[in-house]
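Single-letter residue listing:
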Amino acid sequence: MTSRLLAPLNWVGGRVLRGVSSLGRWGHLLTDTIRALRHVDVWLRLVLAQMARIGVDSVPIALFIATFTGIVLALQASYTFTGAVPLYFVGVLVGKTMILELGPVLTGLALAGRVGANIAAELGTMRVTEQIDALETLAYPPVAYLIVPRVLAGVVMFPVVTILAVALGIAAGWVTALQLLDMSTPEFVRGLMLFFLPFDVWFAVIKAASFGLVVCMVGCFYGFHTTGGAEGVGLSTTRAVVVSSMLILVLDAFWAVTLL
Amino acid sequence: MKRRNETLVGLVLLAGLATAIFGTMWLQGWEWGRDVVPVEAVFRDVGAAGAGNAVKVRGVRIGRISDVSVLPGGELVQMVMRVDADVPLPDDAAVVLAPESMFGDWQAEIVSQADFPHFNFAAPPGSDVLPGYALPDISRLTATADRISENLADLTDRIGIAFTEETARNLALTIENIQEVSNQLSELIEQQAATFGEVAAGVDEATGEIGRAAASTRSVFDRLDGVLAAGEVEALLTDLRQVSAGFEGLAQEASVTSRELGGMASRADSTFARLDHILEVAQGGEGVLGRLLGDPALVDEVEGTLVQLQLLLEDVRENPRRYLRLSIF
């Protein structure tokens, strides 16, 4: 009887304790990562490989998503602007939306699924197979060896992939406007240039870099703290993707409120 | 594998960097290989114009706005535009900012200031800075239209209050009166037109008369010239001078006569005074005349005497020898 009455309290208390514990572990990981930056000789030679895995290997999926996003944007814009709004606003909508919002966010979400899951699974497997423990035994700093290269690669490569995705998305919208919407190139370019500001590019780069940081950090966190064997790896991978996707959207709103 | 990674990463990084840099420059309207010059203008207000908006001359795009900033003092806004160097600008160039469309995009058009004399251009601080003026955007026009609509609504309400049935009747009556007045005015105008026609005819006729009179006057003057030339006027003037001298003598004589008349009048006055005295004496019964006047019997006697005297004179006249004996020697 008493245990039934205390069950909700236990549940709430357990949740809070786990949350606080998780925050503590997050804090530890962040400080360890920052501290590990001083081991340049450890992480520098690994960054390039991670840039290739996180960035270069993600380019095709990012471009694929951006291409179809650009096509859909152009078609939906023309569908929406029928009548009162001049058609060159298709260029405005495609350009602004791809640069400011859809380019960084869709690329971030796509890479959260691909990169975040990859990192979480890889590190989780290393954790459950005690490879990370072995690194510590061999006096290798595991954070500098495993986390810093991935995080740095993510922060650098996410903006690059995003820029390429934005460019291809706009190009796809342009081609769609020419081929399917009976628009001319000057019309589309006029709309594209109409409200463009250089800050738009900076905004996209800042967002993409922050998304890269979050995705890689979340993947590393859940992978680094994986427990429970293969099942734990799967759980960490799932959590990494879900949490990083949610944080991407939260950050998206944060930057919009902060910078725009 | 490592070499391949390096190549791929380098390629992707460079591609991303190049895309970002050249894409930004292109979208900013960077004119590669074209000679552009900066043109500055000042405004009191730039509306929604900003960096990147088009700069046009006669509707042709020649550049873009590159910078907008508030000048120290805060009263003027400076705009820097980068325009094609080979496009000639008007001598009295000025910049007009206006919405390019109804959807928030603005443009700067370089115009001749003389073409827009009613625009209140901002005074530039230097000769190399163009004066500028920003047209009100759609939001300001909408706000103004809103105020106008509110005023119209008030006016309509007031008209609704003031426009009663009686007002309508009065208005109808007024309109009828106006119509009547109009008809009368029309008739009056027709009459006046006829009168004016007559007056004009009269004036025309008078003008003819005046012309003829002028011709007659001219002939009179001609004749007068002839007379003057013949010396008749001089003789006439001599005669007049003599007549005048005669009149002068006559006036002197009249003056003398007048003075004599004065003496005569004074003598008459003394005569009348004496006569008056005599009459007073007579009325007082003094003297012969007074006794005659005051005594009827005496008058009768005098009359009888006069009758006898008359008879005597008649007798003397008839028989003078009876009374007169005339002998000579």
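In this text the structure is predicted, and so the values were computed from the model without any measurement.

A. Layout of the overall build of chain B. Assigned secondary structure in chain B consists of seven helices and seven strands. Going from N to C terminus, chain B has its helices and strands arranged as α-β-β-β-β-β-β-β-α-α-α-α-α-α. The 329 residues of chain B split such that 18% are buried. Residue pairs at least 24 apart in sequence account for 53% of intrachain contacts in chain B once pairs closer than 6 positions are excluded. For chain B, the exposed surface amounts to about 23,900 Å²; the carbon and sulfur share of it is 60%.

B. A look at the sheet that holds strand β5 (residues 93-99) of chain B. Residues and elements named next belong to chain B. Strand order in this closed barrel of seven strands is β1-β4-β3-β2-β6-β5-β7, and the pairing throughout is mixed. Taken pair by pair, the neighbouring strands of this sheet meet at an average axis angle of 35°, ignoring direction. Where strand β2 (residues 54-57) lies against strand β6 (residues 106-112), four bridges are found, and the strand directions are parallel. Directly across from Lys56, in β6, lies its bridge partner Glu109.

C. Structural view of the interface of chain B and chain A. Residue-level contacts link 23 residues of chain B with 29 residues of chain A. Summing the contributions of chain B and of chain A, the shared interface buries around 2,100 Å²; its carbon and sulfur component is 79%. Linking chain B with chain A are zero salt bridges, by the criterion used here. The interface formed by chain B and chain A holds zero residue pairs in polar contact (both at pLDDT 80 or more) in total. Among the elements that line the side of chain B that touches chain A, the one with the most residues is helix α1 (residues 2-27) of chain B, at 13 residues.

D. Representation of the pairing of β5(B). Residues and elements named next belong to chain B. Of all seven residues that make up β5, six are buried, and the element is covered over most of its length. Pairing of β5 with β6 involves seven bridges; the strand directions are antiparallel. From the neighbouring strand, Ala93 faces β6, where its bridge partner is Ser112. The loop that links β5 with its antiparallel partner β6 comprises six residues; one of these, Gly104, has a positive phi angle of about 95°. As judged from the three bridges shared by β5 and strand β7 (residues 129-134), these two strands associate in the parallel manner. Residue pairing in the sheet places Val96 in a bridge with Tyr133 of β7.

E. Spatial organisation of the nonpolar core. Residue and element names in this part refer to chain A. Formed by 82 residues in total, the largest nonpolar core has its most connected members in Val90, Ile147 and Phe188. It is helix α6 (residues 142-180) that provides the largest number of residues to this core, a total of 17 residues. The contacts of Val90, once residues within four sequence positions are left out, are Ala74, Ala77, Ser78, Phe81, Leu181, Met183 and Phe188.

F. Representation of the pattern of salt bridges. Residues and elements named next belong to chain A. Counted under the stated rule, the structure contains eight salt bridges over all chains. A salt bridge links Asp200 to Lys96; the shortest N-O distance between them is 2.7 Å. In this pair, Asp200 is assigned in helix α8 (residues 198-224) and Lys96 in helix α4 (residues 89-128), connecting sequence segments 104 residues apart. Between Lys207 and Asp252 there is a salt bridge; the shortest N-O distance is 2.4 Å. Residue Lys207 is found in helix α8, and its partner Asp252 is found in helix α9 (residues 229-259); the two are separated by 45 residues along the sequence.

G. Quick peek at a negative patch on the surface. On the surface, B:Asp146, B:Glu150, B:Asp154 and B:Asp157 cluster together into a negatively charged patch. Tracing the sequence through the fold places B:Asp157 in helix α2 (residues 138-162).

H. Just the environment of B:Arg140, in detail. Following the sequence through the fold, B:Arg140 ends up in helix α2. Look at B:Arg140 and you get partly exposed, because its relative accessible area is 38%.

I. View of the packing of helix α2 (residues 40-54) of chain A against α6(A). All names here are of chain A. Two elements in contact, α2 and α6, have axes separated by 8 Å at closest approach and are oriented at 50°. Judged by the angle between their axes, α2 and α6 are oblique. In this structure, the crossing between α2 and α6 has a hand that is right-handed. Each of Val42, Trp43, Arg45, Leu46, Val47, Gln50, Met51, Arg53 and Ile54 in α2 lies in contact with α6, whose residues at this interface are Ala144, Tyr145, Val148, Pro149, Arg150, Leu152, Ala153, Gly154, Val156, Met157 and Phe158. In terms of residue class, the contact of α2 with α6 is made up of 15 nonpolar, two polar and three charged.

J. Here's a closer look at the packing of helix α1 (residues 2-36) of chain A against α6(A). All names here are of chain A. As a packed pair, α1 and α6 sit with axes 9 Å apart at the nearest point and diverge in direction by 95°. Relative to α6, α1 is oriented roughly perpendicular. Of the residues in α6, those in contact with Leu29, Asp32, Thr33 and Ala36 of α1 are Val143, Ala144, Ile147 and Val148. Of the residues assigned to the contact of α1 with α6, the class counts are six nonpolar, one polar and one charged.

K. Main features of unusual backbone geometry. Phi at A:Glu130 is positive, roughly 65°, even though this residue is not glycine. Here A:Glu130 shows up in the loop between α4 and α5 (131-137). With a phi angle near 55°, B:Arg58 is a residue other than glycine that sits in the positive phi range. Under the relative-accessibility criterion, B:Arg58 is labelled exposed at 77%.

L. Examining the packing of aromatic side chains more closely. Here the structure, examined in full by the defined rule, presents 14 aromatic pairs over all chains. Arranged with centres 5.9 Å apart and planes meeting at 20°, the rings of A:Trp174 and A:Phe188 form a pair that is stacked. With A:Trp174 in helix α6 and A:Phe188 in helix α7 (residues 185-194), the pair connects residues that are 14 residues apart, well separated along the chain. We classify A:Trp174 as partly exposed; its relative accessible area is 22%. Using a relative accessible area of 0% as the deciding quantity, one classes A:Phe188 as buried. Geometrically, the ring pair formed by B:Phe121 and B:Tyr133 is edge-to-face, given 6.1 Å between the ring centres and 65° between the ring planes. Taken together, the positions of B:Phe121 in the loop between β6 and β7 and B:Tyr133 in strand β7 put the pair twelve residues apart, joining distant regions of the chain. Look at B:Phe121 and you get buried, because its relative accessible area is 9%. The ring of A:Phe224 has A:Arg127 sitting right over it, with the charged end atom 4.8 Å from the ring centre. The ring of A:Tyr88 carries the charged tip of A:Arg190 above its face, separated from the ring centre by 4.1 Å.

M. Examining the side chain of A:Asp252 more closely. All names here are of chain A. Judged by its relative accessible area of 9%, Asp252 is buried. Of note is the side chain of Asp252, whose polar atom sits 2.4 Å from the side chain of Lys207. Apart from the residues within four sequence positions on either side, Asp252 is in contact with Glu101, Val105, Lys207 and Phe211.

Thresholds, definitions, all that
Residues numbered from 1 in each chain as written. Chains lettered and ligands numbered in written order. Predicted model: local features only at pLDDT ≥ 70, side-chain atom pairs only at ≥ 80, totals over all residues. Heavy atoms only, no water. Helix = DSSP H or I, 4+ residues; strand = E, 2+ residues; numbered from the N terminus. Buried < 20%, exposed > 50% of the residue type's maximum accessible area, 1.4 Å probe, protein only. Contact = heavy atoms within 4.5 Å. Areas by Shrake-Rupley, 256 points an atom, 1.4 Å probe, with all protein chains shown as cover. Pairing = 2+ DSSP bridges. Axes fitted to C-alpha atoms, helices over the stretch in contact; angles between N-to-C directions. Buried area = accessible area lost by both parts, 1.4 Å probe. Salt bridge = Lys/Arg side-chain N within 4 Å of Asp/Glu carboxyl O. Polar contact = N/O pair within 3.5 Å; in protein donor to acceptor, adjacent residues only side chain to side chain. Core = buried A, V, L, I, M, F, W, Y, C linked by side-chain atoms within 4.5 Å. Patch = residues over 30% accessible without salt bridge, like charges linked within 9 Å, V, L, I, M, F, W, Y side chains within 5 Å. Lys, Arg positive; Asp, Glu negative; His and termini not counted. Charge placed at Lys NZ, Arg CZ, Asp CG, Glu CD. Parallel < 35°, antiparallel > 145°, perpendicular 65-115°, else oblique. Left-handed = near helix turned anticlockwise from the far one by under 90°. Nonpolar A, V, L, I, M, F, W, Y, C, P; charged D, E, K, R; others polar. Phe/Tyr/Trp six-rings, centres within 6.5 Å; stacked < 30°, edge-to-face > 60°. Lys NZ or Arg CZ within 6 Å of the ring centre and 35° of its normal.

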